[in-house]
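Spelled out, the chains give:
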Protein chains: 2
Amino acid sequence: MVHTYSLVHDDLPAMDNDDLRRGRPTCHKAFDEATAILAGDALLTLAFEVLAKEIDEPAIAVKLIGELAGAAGPGGMIAGQFADLKAEKGQGGEEMLEYIHANKTARIFRCAAAMGAICGDANENEYKSLCEYGFKLGLGFQIADDILDVSASSEQLGKTAGKDAKAAKCTYPSVVGLEKSRQLAKKLADEAVMILEPFGPKADTLRKLAIALLERTR
Amino acid sequence: MVHTYSLVHDDLPAMDNDDLRRGRPTCHKAFDEATAILAGDALLTLAFEVLAKEIDEPAIAVKLIGELAGAAGPGGMIAGQFADLKAEKGQGGEEMLEYIHANKTARIFRCAAAMGAICGDANENEYKSLCEYGFKLGLGFQIADDILDVSASSEQLGKTAGKDAKAAKCTYPSVVGLEKSRQLAKKLADEAVMILEPFGPKADTLRKLAIALLERTR
């Protein structure tokens, strides 16, 4: 829900101004801007409501809510989104890029892994490893996303391709080039897989996820 | 924070499109639309983060988060806001008005009272009474707000006056008239005060609040 909320708001005219998402009209196109603002607000709030009401153990629920709010809020995704918007207006460089990717994307991937670890009653080391796995997966995902924006068609992506370059966005391909971006995504996926080693075969799904991320074409 | 978030989003051009709030430029006027969208998202998320991280007792924290998310989310404030927007486009009547006011405003006032009751370790009857008090206070507040929109100046209000009529909004003054609206607001404040009777002098602040609501001029 938090992921969908952020996409609905991200597509708004004042933000990325996108007409297409997953091959279908974006929320403000299918309905209107006010509806898209409210739909995003509703999904964000609902995420916390579900966690507060559907989990039997309050101590677990509170931990999950703390993780999610920390990752999605002003110390995480919002900070990344804000920097992303400002970076479009001129600033940039590799340091800014890392800050944006870490906060805009990797924090929320890390959060998903952390929430799984908490639900699975992970010990402190397992929790830390899964967080690191999620963070690297998120960084890799964002680089792969930026690569696809310059290398794939709108039809393939189900959203408007080439928008980053047009908006002079601060992305890996624009800052370090396409080839180095591909290497970096591969390196991150390899590292993510490495981190999973102590978990043995029970982490196979997470391994497959890290590899699939590199091979995705949309 | 939830209150401020909803005002920041409510003022956006796609929503109420207001330039002035508490006598100062609205967030999207002082900064820009993207910043206002993100600032609202940040405040909403931060509210849940604070509740999850700053309250020692997880069982209490989870209850508070459940109350807040339920009141602010798609089953509460968002439903009211959405109906409010749609009602501007023609529908209306007293039934719709009650639905809008109950969800857009009274639910979140009820929630503030409920959260206080939970923090104060209220028993079930006290909790119910305080919820009812908050709900009536919220309904009265919204009627008083609608009255001020037609009877006060922008300078007095610190926001643009007369906007409801201009937008053909579904309000008490427009549906039942100014005089009946005033009577209704008074009736709600009286009822709110009545509900507090069992609490004795320790509810004096809440009594004063209900009365101040009727006397407010901005």
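Thresholds, definitions, all that
Residues numbered from 1 in each chain as written. Chains lettered and ligands numbered in written order. Predicted model: local features only at pLDDT ≥ 70, side-chain atom pairs only at ≥ 80, totals over all residues. Helix = DSSP H or I, 4+ residues; strand = E, 2+ residues; numbered from the N terminus. Rg over C-alpha atoms; globule rule 2.2 N^0.38 Å. Contact = placed C-beta atoms within 7 Å. Buried ≥ 20, exposed ≤ 12 C-beta atoms within 10 Å, placed from the backbone. Nonpolar A, V, L, I, M, F, W, Y, C, P; charged D, E, K, R; others polar. Least-squares fit on C-alpha atoms with pLDDT ≥ 70 in both. Core = buried A, V, L, I, M, F, W, Y, C linked by C-beta atoms within 7 Å. pLDDT = per-residue confidence, 0-100. Axes fitted to C-alpha atoms, helices over the stretch in contact; angles between N-to-C directions. Parallel < 35°, antiparallel > 145°, perpendicular 65-115°, else oblique. Left-handed = near helix turned anticlockwise from the far one by under 90°.

## Side note on the overall build of chain A
For step 1, the next point in the chain: Within chain A one finds twelve helices and two strands.
For step 2, the next point in the chain: The order of helices and strands in chain A, counted from the N terminus, is α-β-β-α-α-α-α-α-α-α-α-α-α-α.
For step 3, the next point in the chain: Its C-alpha atoms give chain A a radius of gyration of 18 Å, near enough to 17 Å, the size a compact globule of 218 residues would have.
For step 4, the next point in the chain: For chain A, the proportion of contacts with a sequence separation of at least 24, taken over those separated by at least 6, is 61%.

## A closer look at the environment of Lys163 of chain A
All names here are of chain A.
For step 1, the next point in the chain: Its location among the elements puts Lys163 in helix α9 (residues 163-166).
For step 2, the next point in the chain: Its 16 C-beta neighbours within 10 Å are what place Lys163 among the partly exposed residues.
For step 3, the next point in the chain: Setting aside chain neighbours within four positions, we find Lys163 in contact with Asp16, Asp18 and Asp149.

## Some details on the interface of chain A and chain B
For step 1, the next point in the chain: At the interface, 32 residues of chain A touch 32 residues of chain B.
For step 2, the next point in the chain: Its residues placed into classes, the side of chain A that touches chain B shows 22 nonpolar, six polar and four charged.

## Details of the relation of the copies chain A and chain B
For step 1, the next point in the chain: Least-squares fitting of chain A to chain B yields an RMSD of 0.0 Å, with the transformation described by 0.0 Å of translation along the axis and a rotation of 180°. Taken together, these values place the two copies in the relation of a two-fold axis. In terms of proximity to the rotation axis, the leading residue of chain A is Pro58 of chain A, whose C-alpha is 2.7 Å off the axis.
For step 2, the next point in the chain: When the interface residues of chain A are mapped onto chain B, 100% of them again lie at the interface, so the same face is used by both copies.

## Topic: the environment of Gln142 of chain A
For step 1, the next point in the chain: Within the element layout of this structure, Gln142 of chain A appears in helix α7 (residues 124-151).
For step 2, the next point in the chain: The residues contacting Gln142 of chain A, other than those within four sequence positions of it, are His101, Thr105 and Ala106 of chain A.

## Digging into the nonpolar core
For step 1, the next point in the chain: Of all hydrophobic cores here, the largest spans 118 residues; its most connected members are Ile65 and Leu68 of chain A together with Ile65 and Leu68 of chain B.
For step 2, the next point in the chain: When sequence neighbours within four positions are dropped, the list of residues in contact with Leu68 of chain B reads Val2, Ala47, Leu51, Cys111 and Met115 of chain B.

## Let's talk about the confidence of the model for chain A
All names here are of chain A.
For step 1, the next point in the chain: For chain A, mean pLDDT is 91; residues scoring 70 or higher make up 98% of the total.
For step 2, the next point in the chain: When mean pLDDT is compared element by element in chain A, helix α4 (residues 58-72) scores highest at 98, while α9 scores lowest at 74.
For step 3, the next point in the chain: Both scores are given for the predicted complex: the pTM is 0.92, the ipTM 0.92.

## Quick look at unusual backbone geometry
For step 1, the next point in the chain: With phi around 50°, Asn17 of chain B is a residue other than glycine that occupies positive phi space.
For step 2, the next point in the chain: Mapping Asn17 of chain B onto the fold places it in the loop between α1 (2-10) and β1 (20-21).

## Structural notes on the packing of α4 of chain A against helix α4 (residues 58-72) of chain B
For step 1, the next point in the chain: Running from amino to carboxyl end, α4 of chain A crosses α4 of chain B at an angle of 60°, the nearest separation of the two axes being 8 Å. Taken as axis vectors, α4 of chain A and α4 of chain B run oblique relative to one another. The crossing of α4 of chain A and α4 of chain B is left-handed. Contacts from Pro58, Ala59, Ala61, Val62 and Ile65 of chain A in α4 of chain A reach Pro58, Ala59, Ala61, Val62 and Ile65 of chain B in α4 of chain B.
For step 2, the next point in the chain: Its residues assigned to classes, the contact of α4 of chain A with α4 of chain B shows ten nonpolar, no polar and no charged.

## Regarding the packing of helix α6 (residues 93-119) of chain A against α7 of chain A
Residues and elements named next belong to chain A.
For step 1, the next point in the chain: The contact between α6 and α7 brings their axes to 7 Å, and the two run at 145°. Note on packing geometry: the crossing formed by α6 with α7 is right-handed. Between α6 and α7, the residues in contact are His101, Ala102, Thr105, Ala106, Ile108, Phe109, Arg110, Ala112, Ala113, Ala114, Gly116 and Ala117 and Glu126, Tyr127, Leu130, Cys131, Tyr133, Gly134, Phe135, Leu137, Gly138, Leu139, Phe141 and Gln142, respectively.
For step 2, the next point in the chain: Its residues assigned to classes, the contact of α6 with α7 comprises 16 nonpolar, six polar and two charged.

## Topic: the environment of Arg182 of chain A
For step 1, the next point in the chain: Position of Arg182 of chain A among the secondary structure elements: in helix α11 (residues 178-195).
For step 2, the next point in the chain: Sequence separation between Arg182 of chain A and Met115 of chain A is 67 residues; the distance between their C-alpha atoms is 29 Å.

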